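Commentary on secondary and tertiary structure
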Amino acid sequence: MTGNEHISQEELALHAMQALSEGEATAVRAHLAQCALCRDEFAGLAGDTALVGLSVPQQPLPAGARDRFLERVAAEAASAQRPVMHESGGKVVAFPTRAWIPWAIAAALASVAVFLGVKNNTLNQELRDASSQISSLSVQSAQARQVLDVLTSHSAQRVLLTTNNASVEPTGRAVYLAESGSLIFQANHLKMLASDRTYELWVIPVSGNPIPAGLFRPDAAGDANVIMPPLPKGVPAKAFGVTIEKAEGASTPTAPIILAGATAAGE
Ligand SMILES: [Zn+2]
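Residues numbered from 1 in each chain as written. Predicted model: local features only at pLDDT ≥ 70, side-chain atom pairs only at ≥ 80, totals over all residues. Heavy atoms only, no water.

Another point: the coordination of the zinc ion. Summarising the metal site, the zinc ion is bound by the protein donors H6 (ND1), H31 (NE2), C35 (SG) and C38 (SG), whose distances to it range over 2.0 to 2.3 Å. Coordination geometry of the zinc ion: the 4 donor atoms subtend angles of 101 to 126 degrees at the metal centre, consistent with an arrangement described as tetrahedral. One chain supplies every donor for the zinc ion, spaced along it as H-x24-H-x3-C-x2-C. Placement of the pair is H6 in the segment before α1 (9-16) and C38 in helix α3 (residues 36-55), with a sequence separation of 32 residues. (Donors = N, O, S within 2.8 Å, 3.2 Å for Na, K, Ca; no water. Tetrahedral: all angles 85-135°; square planar, octahedral: opposite > 155°, others 65-115°. Helix = DSSP H or I, 4+ residues; strand = E, 2+ residues; numbered from the N terminus.)

Judged by pairing direction, the sheet is antiparallel, and its 3 strands sit side by side in the order β3-β4-β7 without closing on themselves. The open sheet has two edge strands with one neighbour each: β3 (171-177) and β7 (224-227). Ignoring which end each strand starts from, the neighbouring axes of this sheet average 5 degrees apart. Where strand β4 (residues 182-188) and β7 come together, 4 bridges link them in antiparallel fashion. From the neighbouring strand, F185 faces β7, where its bridge partner is V226. (Pairing = 2+ DSSP bridges. Axes fitted to C-alpha atoms, helices over the stretch in contact; angles between N-to-C directions.)

Here you go:
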């Protein structure tokens, strides 16, 4: 393509697939900018390919790919110099193979580009869906973290409200969701323990043996938490209990039970 000549279809096809060198592409763009005829030609042939080009991040062709593509086209064209004869309505017609072989390749590449573009758009949509889920999850997660921070922070003020201020007896409060095996336990006014002893929390199931639900030692203020210990799911509890055990804990509770509370279901 030089001067005022129109751009060949092959070159337009290469341009649609971004297979032209930078210099050639610049020349083509310059020509397209001032030639409605070639613009129409390009729009018609590029069609979906051009749309894909707009919606997919542009990737430079690997080095040598364009040359291999052009060599392939040239080789195909050279081997098809002789017109191929086709039966058509009883008449034998010459089909200009030289003209259509580059087009077959271009069409195949355009189909691949369209397919990749559609796939890319689908993936983009999935990515958008996933990131909106992630942001909603991260909001929930941030709230959950705040709850945990309040529950577990050493600097949180823990105040037990009673009918009179005289009570300094140890207390514990368990919140339990049997279906997910989720347990949050808070204890206050616990007595200090010898260094070789620990408190141990127990889930007392409606049926079966007590399930160990975590070891804990009170802080200087006598407060302690057990947050989400590993527990089986779907075990209804009739009660919760706290015992004092050896530092490594126990698999069955040792009497006496220091703190105990029955669930409404277990009463
Ligand atoms: Zn033109």
